[in-house]
Amino acid sequence: MELMTTYKSNNYPIIIKNNAITELTELLKPYRDVVFIVDKNVEFALPEKIQQALSSTSSEQFTHILKVEGNETTKTFAVYQHIIEELLEQSITRNTCIIAIGGGVTGDFAGFVAATILRGVDFIQVPTTILAHDSSVGGKVGINTPQGKNLVGAFYRPTAVLYDLDFLNTLPYTEISSGYAEVYKHALLNGEEAQLEIETAFPDKKALESLVSLDKFLLKGIQTKLNIVIEDEHEQGKRKFLNLGHTFGHAIEYNQKIPHGHAVMIGILYQFMVANELLNTQFDIMHYINYFKNLDYPLEKVLDTNFEPLLALMSKDKKNDKSGIQMVLLKEIGKPKVIHVNNEVLEKSFATLQNYLK
Ligand SMILES: NC(=O)c1ccc[n+]([C@@H]2O[C@H](COP(=O)([O-])OP(=O)(O)OC[C@H]3O[C@@H](n4cnc5c(N)ncnc54)[C@H](O)[C@@H]3O)[C@@H](O)[C@H]2O)c1
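Residues numbered from 1 in each chain as written. Predicted model: local features only at pLDDT ≥ 70, side-chain atom pairs only at ≥ 80, totals over all residues.

J.: I keep staring at the overall build of the chain and nothing clicks. Help me out?
T.: Along its length, the chain carries 15 helices and eleven strands. Against the compact-globule benchmark of 21 Å for 358 residues, the chain has a radius of gyration of 20 Å, which places it among compact chains. Viewed in the frame of its principal axes, the chain has a C-alpha envelope of about 65 × 40 × 40 Å. Within the span of the chain, comprising 358 residues, buried residues form 46% of the whole. (Helix = DSSP H or I, 4+ residues; strand = E, 2+ residues; numbered from the N terminus. Rg over C-alpha atoms; globule rule 2.2 N^0.38 Å. Buried ≥ 20, exposed ≤ 12 C-beta atoms within 10 Å, placed from the backbone.)

J.: Which parts of the structure should I look at to understand the site of the ligand?
T.: Around the ligand, the structure places 31 residues, and the nearest of them are Asn41, Gly70, Gly103, Gly104 and Ser135. Contributing elements (two or more residues each) for the shell around the ligand: helix H2 (40-45), helix H5 (104-116), helix H6 (132-135), strand E8 (148-155), helix H7 (173-190) and helix H12 (260-278). The biggest single contributor to the shell around the ligand is H5, with four residues. Among the residues making up the shell around the ligand, the classes are represented as seven nonpolar, 16 polar and eight charged. (Near = placed C-beta within 6 Å. Nonpolar A, V, L, I, M, F, W, Y, C, P; charged D, E, K, R; others polar.)

J.: Got a minute to help me understand the pairing of strand E2 (residues 13-17) in this structure?
T.: The side chains of a regular strand alternate between both faces of the sheet. The sheet contact formed by strand E1 (residues 2-4) and E2 spans three bridges and is antiparallel. Among the inter-strand pairings, glutamate 2 is bridged to a residue of E2, identified as isoleucine 15. (Pairing = 2+ DSSP bridges.)

J.: I'm lost on the nonpolar core in this one. Help?
T.: In a soluble, globular protein the nonpolar side chains are often hidden away together inside. Ranked by size, the top nonpolar core spans 100 residues in total, and within it Cys97, Ile98, Ile99, Ile101 and Leu162 carry the most contacts. Looking at which element gives the most residues to this core, the answer is H12, with eleven residues. Looking at this core, you find at least three residues from each of domain 1 (2-170) and domain 2 (173-357). (Core = buried A, V, L, I, M, F, W, Y, C linked by C-beta atoms within 7 Å. Domains from an automatic or database assignment.)

J.: Help me understand H7, please; the structure alone is not making it clear to me.
T.: Because the α-helix completes a turn every 3.6 residues, residues three or four places apart line up on one side. When the terminal C-alpha atoms of H7 are compared, their 25 Å separation across 18 residues agrees well with the 26 Å that a helix rising 1.5 Å per residue should span. Of all 18 residues in H7, 15 are buried, a share of seventy percent or more. A positive backbone phi angle near 135° is found at glycine 191, which sits one or two residues after H7. (Expected span 1.5 Å × (residues − 1).)

Such coordinate-based values are descriptive only and should not be taken to indicate function.
Okay, structure coming up:
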């Protein structure tokens, strides 16, 4: 399956299939330098796939292989500086292509290196997690700072995305469920029918763990994201809808050190609470709690923290002020809206959510 973005220019293909990595041979032909930035865990889990990727360069090309940890410690200034200096030591030229092989961490990080080194070189995303169906598309790249996640970065489109589905088979369940949160978010943005379809396909952990028919939903997720980012690449308007679940999600991710997608799913739940409080929606909170519990999301993390540190983190997240924060709320399934929510409503919704979960 191949999609092509439809920007006015600089479009890129998104190839989603088993063994998509074979496409590298053709894509890498124009470059003098080829830099592989590889997640160590992916190499450990699938050494033969990494070998396959490395063998797609020719003997005339300069191949550089850099390995990174597949966790947030990679998205730091220290690792960024180290990798940039290492590549400059190796005298790479502007005729370089950087290939990110890993999950969202590796893609965000390698993309930021590509966006900034020598004022920008090409890069190809080879996402290896479910979550990265989201992060590899749309061109947001970046690193974290002690003040919060993704606060330093760029909008920088890849040259291609090769979503090789073979990689997904070695994901542990935690990473499957983490990635599923973004797939589910895309379904919620699409509407009630999409929600029903995905909940029916994956009613519980056993169904999700099997990955059966997940590719269909990955494709839908990518299409949903593309439809939004092509219209609003720099997040002036509707791209903000993709932050559904992320304002509270980023805060609890940072505060409780849980996987990104688990935090996003908790953020989606919290968003339903806030919507019921502020917009008089009547979302059935117990439906979502039961569904997320069936899929084994760590909802109990909401009980392990107080509201204040979360509010402090949420206040740092993008365009907020002292009286409250901007967050995406669903007016109904498929109908997102960006709304300024004041601190009282935020706190009350948090307390109500804790009561539901006790
Ligand atoms: N740029 C964007 O638009 C965007 C969107 C959403 C999320 N993100 C970012 O993505 C990151 C999260 O991505 P992620 O969940 O993929 O995290 P990740 O890259 O840390 O991968 C999760 C874990 O799975 C391991 N792993 C990766 N592929 C594997 C495989 N095939 N088999 C076995 N293990 C494998 C990794 O080593 C890591 O331990 C966050 O930093 C988040 O901020 C970015």
